[in-house]
Amino acid sequence: MATTDIDKLLLRPTPFGSESGALAVGEFDPGTDTREFLTETCKVLVVGAGGLGCEVLKDLALSGFRDVEVIDMDTIDVSNLNRQFLFRAKDVGRPKAEVAAEFIRERVPACNVIAHVGKVQDKDADFYSRFNVVCSGLDNVEARRWLNAMLVGLAEVDDEGNVIDPSQIIPMVDGGTEGFRGQARVIIPRFTSCFECSLDSFPPQRTYPLCTIAETPRLPEHCISYAQLVEWPKTNSRAIDTDSPDDMKWLFDVAAKRASKFNIEGVTYMKTMGVVKNIIPAVASTNAVVSAMCVNEVFKLMSLSSQTLNTYHMYMGSTGIYSHTFCYGKKSDCPVCSSCVRTVTCSTTKTLGELVSDLTEEPLKLKAPSLATADATLYLRKPKSLEAATRPNLDKPLSSLVANNAEITVTDPVFPGDVALTLRVCFAPNGAA
């Protein structure tokens, strides 16, 4: 059998194995067993089959991985064809995951790719526990938070913080791109910082004052937001389907008319999609660079043949080619990977509703929190009957619902069902906040 480049990496000893790096995850053992594990046994899950996911699938197949699964909820739009090279015009309207899997299987027959169409939240812990490594190419922060919490939750710990079953430590390599910039990071659940630890580094989503949108629009974004937030609810009883070309065309037409009325230039169909879906223009070359970084880390993690990234790699190509790596530290009060109880100090007059509102802001950025104590349910979002029954509690002072130093369990859709945040409520003396 001819020697391949992969054989040169896996069959020969090296002084730069994983054990020699700052983030050592094992000891490299060169030989056929390592090669067979990588090519025959190792199961890789790719999350996302868009611009980054297409590149990742291609790189995995050409790097010797043979057991790959991919999950994505989106369908192919004509605007994807300029950079998501696994798709063709005939594929428009079909699920990305299915088409991507078919393309890889046809081009690299030895690589078996199985497609799953749906949200990452649709799969349970049994699904994710089957994989040796997860490579994420998502552009959705909420989905990345959920996936991160799921993988960290699989690595259960004892009372001393030690992982009970090391086989349930499933590394995640997370990649992302934004124009000419990109990043790749390695997350080893319970050992390195997790995605939630770095949530503060994400800029808030840009919004515009409603008074400006309605009365004094000056930018194309103002016109598009007006069509989305003001005109759409007037004429439609359902939510906007951001994946529907008809809905996007309707918004574009309304925004274009408003822009013409106020002599504003720059409203295009692509900008309409960008504002409504919070899309940042994608650059094919950035996707290629970042996917190579991600798959390189997957290869090193699974083979132990080289030093693992510790833990964050940034690429900036807007003014040249520049990149650097650094270790992203764990957050001591991270609600996902830390077991600590977060203390909240508030006045005795603060209502439960105000606490719920605070939880949706910095630093936690929860989406729709539900709260309970060991003795009582404070507020539940679902089912509707319990939401209605607990809704009056939102207007009550927190001090009338719980005792000082009481612990409140908070659940939220951004976390899997068995992941919860614990708050200890301390009431400030003399009613001070």
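The following refers to the structure shown. (Residues numbered from 1 in each chain as written. Predicted model: local features only at pLDDT ≥ 70, side-chain atom pairs only at ≥ 80, totals over all residues. Heavy atoms only, no water.)

1. What about the pairing of strand 7 (residues 312-316)?
Rules: Paired strands are those between which DSSP finds at least two bridges. In this description a helix means any DSSP run of H or I spanning at least four residues, a strand means any run of E spanning at least two, and both kinds are numbered starting from the N terminus.
By the bridge criterion, 5 bridges tie strand 6 (residues 181-187) to strand 7 in an arrangement that is antiparallel. In the strand pairing of strand 7, Ala184 is matched with His313. With 5 bridges connecting them, strand 7 and strand 8 (residues 322-326) associate as antiparallel partners. What sits directly across from Met314, in strand 8, is His324. Two successive antiparallel strands, strand 7 and strand 8, enclose a turn made up of 5 residues, where Gly320 displays a positive phi of approximately 150°.

2. Topic: helix 8 (residues 220-235)
The condition that has to hold: By definition here, a helix of n residues has an expected span of 1.5 Å times n minus one. Bend at a residue means the angle formed by two fitted axes: the first through the 7 residues ending at that position, the second through the 7 residues beginning there. Each residue is placed in one exposure class: buried if its accessible area under a 1.4 Å probe, protein chains only, is under 20% of its type's maximum, exposed if it is over 50%, and partly exposed if it falls in between. Any pair of residues with heavy atoms lying within 4.5 Å of one another is described as a contacting pair.
The first and last C-alpha atoms of helix 8 sit 22 Å apart over 16 residues, in line with the 22 Å expected at 1.5 Å per residue. Ala227 marks the point of greatest bend in helix 8, at about 30°. Those residues of helix 8 that sit buried are Pro220, Glu221, His222, Cys223, Ile224, Ser225, Tyr226, Ala227, Val230, Glu231 and Trp232. Elements in contact with the buried residues of helix 8: helix 7 (210-215), helix 9 (245-261) and helix 10 (269-276).

3. With respect to the sheet that holds strand 2 (residues 67-72)
So the rule is basically this: Axes, fitted as lines to C-alpha atoms, cover a helix only where it is in contact. Angles between the N-to-C directions of the axes lie from 0 to 180 degrees.
Ordered by their spatial adjacency, 8 strands build an open sheet running 3-2-1-4-5-6-7-8, and the pairing between neighbours is mixed. A strand with exactly one partner marks an edge of an open sheet, and here the two such strands are strand 3 (112-117) and strand 8. Within the sheet, the average angular offset between the axes of one strand and its neighbour, ignoring direction, is 15°. Where helix 4 (residues 96-107) meets the sheet, it contacts strand 2 and strand 3, and its direction lies at approximately 175° from that of strand 3. Along the sheet, helix 6 (residues 141-154) contacts strand 1 (43-47), strand 4 (133-136), strand 5 (172-178) and strand 6; its crossing angle with strand 5, the most-contacted strand, is approximately 170°.

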